[in-house]
Amino acid sequence: LIGMENLFIYLYDNPDEIKLLIEKIYNYISGVLDMLESFRNDIHAVHLGDDWGTQQAPLMSIEMFRDFYKPYYKEIIRKIHNLGMDVWLHTDGKVNNLIGEFIDMKLDVINLQQCNVLGIEDIRQKYRGRITFDCPVDIQRTLPSGSREQIEDEAKRLLEEWGTPCGGFIATDYGSTDQDHQAIGCSRRQAQTALAAFKKFGRYK
């Protein structure tokens, strides 16, 4: 609403105004959630889509995220749970340190699409079994440019290292159309290879 560059400047120079803006956005989202009451038994989950990371780190410090955004996320997640629905969140980027914050807020499922930016081993050590991961084969590197063997190996590794009965792993594709795959330089064949690998190596067939 105010532009990305202005947002980051105002977080420092005009924090009260930014908090007012965030509260207005929260009030709008809260109103939408109130309208879902009549769908309580028909909708199983609500999906939130935000990108919180660059290729190197979260967009802001953990302390700033906790101050400006976490209280509102926490309340949104609470309201959705009170409707009897799970909460899914998408975020791109290297958000390793933020995942713990979302776990603390009782987020059910996190959609991550750049496992090599995050580091498969780092995520396994910190968060395996604590949250459900919804993830394709890496959409930046492996899926668009990897060989069949590389795609299959990464699908197998994700299942083994991120998936547990306690947390779980949902194997996904980047999209459902050729246009979706073309957006990341991926062919239909590569996408089908990844899905076939998830099915092949998945514990639950």
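Scroll up to find the structure.
Residues numbered from 1 in each chain as written. Predicted model: local features only at pLDDT ≥ 70, side-chain atom pairs only at ≥ 80, totals over all residues. Heavy atoms only, no water.

Engineer: What should I look at first to understand helix 7 (residues 120-127) in this one?
Structural biologist: An α-helix turns once per 3.6 residues; consequently, residues spaced three or four apart project the same way. Within the span of helix 7, buried status applies to Ile120, Ile123 and Tyr127. Looking straight down helix 7, one finds that the buried residues subtend no more than 75 degrees of arc, so they occupy a single side. Contact partners of the buried residues in helix 7: helix 5 (96-104), helix 6 (115-118), strand 4 (132-135) and helix 9 (148-162). (Buried < 20%, exposed > 50% of the residue type's maximum accessible area, 1.4 Å probe, protein only. Helix = DSSP H or I, 4+ residues; strand = E, 2+ residues; numbered from the N terminus. Arc of directions from axis to C-beta. Contact = heavy atoms within 4.5 Å.)

Engineer: In this structure, what is going on with the sheet that holds strand 2 (residues 86-90)? I would like to understand it.
Structural biologist: Adjacent strands of a sheet pair through backbone hydrogen bonds, lying either parallel or antiparallel. Taking strand neighbours across the sheet as the criterion, the five strands line up as 1-2-3-4-5 in an open arrangement whose pairing is parallel. With one partner strand each, in any of the chains shown, strand 1 (45-49) and strand 5 (169-171) form the two edges of the open sheet. Each strand of the sheet is rotated relative to its neighbour by a mean of 20 degrees, with strand direction disregarded. (Pairing = 2+ DSSP bridges. Axes fitted to C-alpha atoms, helices over the stretch in contact; angles between N-to-C directions.)

Engineer: Looking at this structure, I do not really get the side chain of aspartate 134. What am I missing?
Structural biologist: Its place among the elements puts aspartate 134 in strand 4. At 17 Å, arginine 128 is the nearest oppositely charged side chain to aspartate 134, a buried residue that forms no salt bridge. Within the structure, aspartate 134 has its side chain in polar contact with the side chain of threonine 172 (distance 3.2 Å). Look past the residues within four positions of aspartate 134 in its chain and what remains in contact with it is Trp88, Val109, Ile110, Asn111, Leu112, Ile170 and Thr172. (Lys, Arg positive; Asp, Glu negative; His and termini not counted. Salt bridge = Lys/Arg side-chain N within 4 Å of Asp/Glu carboxyl O. Polar contact = N/O pair within 3.5 Å; in protein donor to acceptor, adjacent residues only side chain to side chain.)

Engineer: I tried to follow the pairing of strand 2 on my own but got confused; where do I start?
Structural biologist: Every regular strand shows the same layout, with side chains that alternate between the two sheet faces. With five bridges connecting them, strand 1 and strand 2 associate as parallel partners. Paired with glycine 49 across the strands is histidine 90, a residue of strand 2. Pairing of strand 2 with strand 3 (residues 109-111), which is carried by three bridges, proceeds in the parallel orientation. From the neighbouring strand, tryptophan 88 faces strand 3, where its bridge partner is valine 109.

Engineer: What exactly am I supposed to notice about the packing of aromatic side chains here?
Structural biologist: For any pair of aromatic rings, geometry is given as the distance between the ring centres together with the angle between the planes. Under the definition given, this model contains 10 aromatic pairs. Through successive ring pairs, a cluster of aromatic residues spans Trp52, Phe65, Tyr69, Tyr73 and Phe102. Here lysine 19 stacks its cationic end above the ring of phenylalanine 68, 5.3 Å away from the centre of that ring. The ring of phenylalanine 201 has lysine 156 lying over it, and the distance from NZ or CZ to the ring centre is 5.8 Å. (Phe/Tyr/Trp six-rings, centres within 6.5 Å; stacked < 30°, edge-to-face > 60°. Lys NZ or Arg CZ within 6 Å of the ring centre and 35° of its normal.)

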